[in-house]
Amino acid sequence: MKSNLFTKINIDPAKLPGHVAIIMDGNGRWAKKKLRNRVFGHEKGAETVREVITTCRELKIKILTLYAFSTENWSRPEKEVNTLMKLLKKFIRSEKDELHNKSIKLNVIGQKERLPIDVIEELDLAIEQTKDNTAMVLNLALSYGAREEITRAVRKIAYEAKQGKLFPEDIDEEMVSKYFYTAGMPDPDLLIRTSGEMRVSNFLLWQIAYSELFISETLWPDFTRDEFINILRDYQKRDRRFGKVLCS
Ligand code: FPP
């Protein structure tokens, strides 16, 4: 039987995506429209992050992956990079108990080692605190780029082959995916991008091979729980064929 919540929002819990990935875009434009600086947009964006995490947990979505900082974002003005790092640290510090109370495990995908040391320390504390949680995984993509992830995997595989630990003929898709930051996780079922841009911007290029895509015109700070639920309803209507023909 459906629980009250799912009936109320007209969602079939059996058809929810197990893994949702989001490209959170439009903080800067949102701030500009309000004649405020970009920092204001990122701050409001962090509130949306909180709401989306809460909604996923409530709906029992098992994995949420958020593109919070790309490898390309390092080339933004130093002041903006510093602000984003400070905001991230503040967010982790203020949310870690809440994540833990909700049994959410925090994980970082990307070049964590490139982040400022105080951010790494804050992240490590939260990762340690939440490591045994089982209700949901929150992946924060930080200094993440899919091409970097693939290059890193190829390099590791080459080293292991050179050391005689594996043979080229052993390499298959399943093995390659074990060398990614997302090792052991199912691929995203649904990829959402806000702000209307029709790009995947170097995000999870391997993992989104069969993800359903949804582009929202909404700028990230304005993205709401209601819109998220609408997208999930749309997702439930889609026919996922994974390149095959469905037999009726
Ligand atoms: C895109 O907006 C957003 C980012 C580059 C960073 C995402 C960061 C947040 C949502 C806030 C903090 C995150 C966490 C996890 C606390 P943009 O700056 O590219 O916007 P624009 O395309 O309109 O300029």
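To start, this report covers the structure provided alongside it. Worth saying up front: this structure is predicted, and the values here are computed from it rather than measured.

1. Some points on the packing of helix H3 (residues 38-59) against helix H8 (residues 225-237)
Here H3 crosses H8 at 45°, and the two axes come no closer than 10 Å. On the basis of the axis angle, H3 is oblique to H8. Remark: the crossing between H3 and H8 carries right-handed chirality. Contacts from Glu51, Val52, Thr55, Cys56, Glu58 and Leu59 of H3 reach H8 at Arg225, Phe228, Ile229 and Leu232. Split into classes, the residues belonging to the contact of H3 with H8 amount to six nonpolar, one polar and three charged.

2. Things to note about helix H4 (residues 78-101)
The end-to-end C-alpha separation of H4 is 35 Å, in line with the 34 Å expected for 24 residues at 1.5 Å each. For H4, the principal kink sits at glutamate 95 and spans about 45°. Looking only at H4, the buried set comprises Glu80, Val81, Thr83, Leu84, Met85, Leu87, Leu88, Phe91, Ile92, Glu95, Lys96 and Leu99. Lining the buried residues of H4 we find H3, strand E2 (63-70), strand E3 (104-109), helix H5 (117-130) and strand E4 (136-144). Once H4 finishes, serine 103 follows within two positions and takes phi at roughly 60°, a positive value.

3. Comments concerning the site of the ligand
Residues in contact with the ligand amount to 15 residues; listed here are only the nearest, Asp25, Gly28, Arg29, Arg38 and Arg76. Interatomic distance of 3.2 Å between a backbone N/O atom of asparagine 27 and an oxygen atom of the ligand. Within the contact set of the ligand, an oxygen atom lies 3.0 Å away from a backbone nitrogen or oxygen of glycine 28. Contact with the protein chains hides 92% of the accessible area of the ligand, taken as 620 Å² for the molecule alone. One can see that the ligand is located within the largest pocket. For the shell around the ligand, the secondary structure elements donating two or more residues are helix H2 (27-33) and H3.

4. Section: the layout of surface pockets
The computed volume of the largest pocket comes to approximately 690 Å³. Lining the largest pocket are 32 residues, with Met24, Asn27, Tyr67, Ala68 and Asn73 sitting closest to its centre. At the level of secondary structure, the elements contributing two or more residues to the lining of the largest pocket comprise H2, H3, E2, H4 and E4. Considering only enclosed or pocket space, the second largest pocket measures out at about 430 Å³ in volume. Forming the walls of the second largest pocket are 19 residues, and the residues nearest its centre are Glu173, Ser177, Asp187, Trp206 and Gln207. Residue composition of the lining of the second largest pocket, grouped by class: eight nonpolar, five polar and six charged.

5. Some words on a negative patch on the surface
Where like charges cluster on the molecular surface, the negative patch consists of Glu169, Asp170, Asp172 and Glu173. Relative to the helices and strands, glutamate 169 resides in the loop between helix H6 (146-162) and helix H7 (173-177).

6. Description of the pairing of E2
Here E2 lies mainly inside the structure; seven of its eight residues are buried. Both strand E1 (residues 19-23) and E2 contribute to a ladder of five bridges, which runs parallel. Each residue of the ladder has a partner; that of histidine 19, found in E2, is isoleucine 63.

7. Here we look at the pattern of salt bridges
One pass over the full model with this rule turns up 20 salt bridges. The closest approach of N and O atoms between glutamate 122 and lysine 96, which form a salt bridge, is 3.5 Å. Residue glutamate 122 is located in helix H5, and its partner lysine 96 is located in helix H4; the two are separated by 26 residues in the primary sequence. Owing to a relative accessible area of 14%, lysine 96 belongs among the buried residues under this scheme. Salt bridges here are not isolated pairs; linked through shared partners, they connect Asp25, Arg29, Arg193, Glu197 and Arg199.

8. Observations regarding the nonpolar core
The biggest cluster of nonpolar side chains holds 46 residues, and the ones touching the most others in it are Ile22, Ile53, Leu64, Leu138, Ile192 and Phe228. Of all the elements, H4 adds the most residues to this core, at seven residues. In terms of nonpolar packing, the next biggest core, distinct from the first, is built from 12 residues, Tyr67, Tyr144, Tyr181 and Leu191 among them.

Rules and cut-offs
Residues numbered from 1 in each chain as written. Predicted model: local features only at pLDDT ≥ 70, side-chain atom pairs only at ≥ 80, totals over all residues. Heavy atoms only, no water. Axes fitted to C-alpha atoms, helices over the stretch in contact; angles between N-to-C directions. Helix = DSSP H or I, 4+ residues; strand = E, 2+ residues; numbered from the N terminus. Parallel < 35°, antiparallel > 145°, perpendicular 65-115°, else oblique. Left-handed = near helix turned anticlockwise from the far one by under 90°. Contact = heavy atoms within 4.5 Å. Nonpolar A, V, L, I, M, F, W, Y, C, P; charged D, E, K, R; others polar. Expected span 1.5 Å × (residues − 1). Bend = angle between axes of the 7 residues up to and from the residue. Buried < 20%, exposed > 50% of the residue type's maximum accessible area, 1.4 Å probe, protein only. Near = heavy atom within 4 Å. Polar contact = N/O pair within 3.5 Å; in protein donor to acceptor, adjacent residues only side chain to side chain. Areas by Shrake-Rupley, 256 points an atom, 1.4 Å probe, with all protein chains shown as cover. 1 Å grid on protein atoms, 1.4 Å probe; cavity = no way out; pocket = protein on both sides within 12 Å on 5 of 7 lines; lining within 4 Å. Sits in = over half its atoms within 2 Å of the grid points. Points joined across faces, edges and corners; volume = space filled by probe spheres on them. Patch = residues over 30% accessible without salt bridge, like charges linked within 9 Å, V, L, I, M, F, W, Y side chains within 5 Å. Salt bridge = Lys/Arg side-chain N within 4 Å of Asp/Glu carboxyl O. Lys, Arg positive; Asp, Glu negative; His and termini not counted. Charge placed at Lys NZ, Arg CZ, Asp CG, Glu CD. Pairing = 2+ DSSP bridges. Core = buried A, V, L, I, M, F, W, Y, C linked by side-chain atoms within 4.5 Å.

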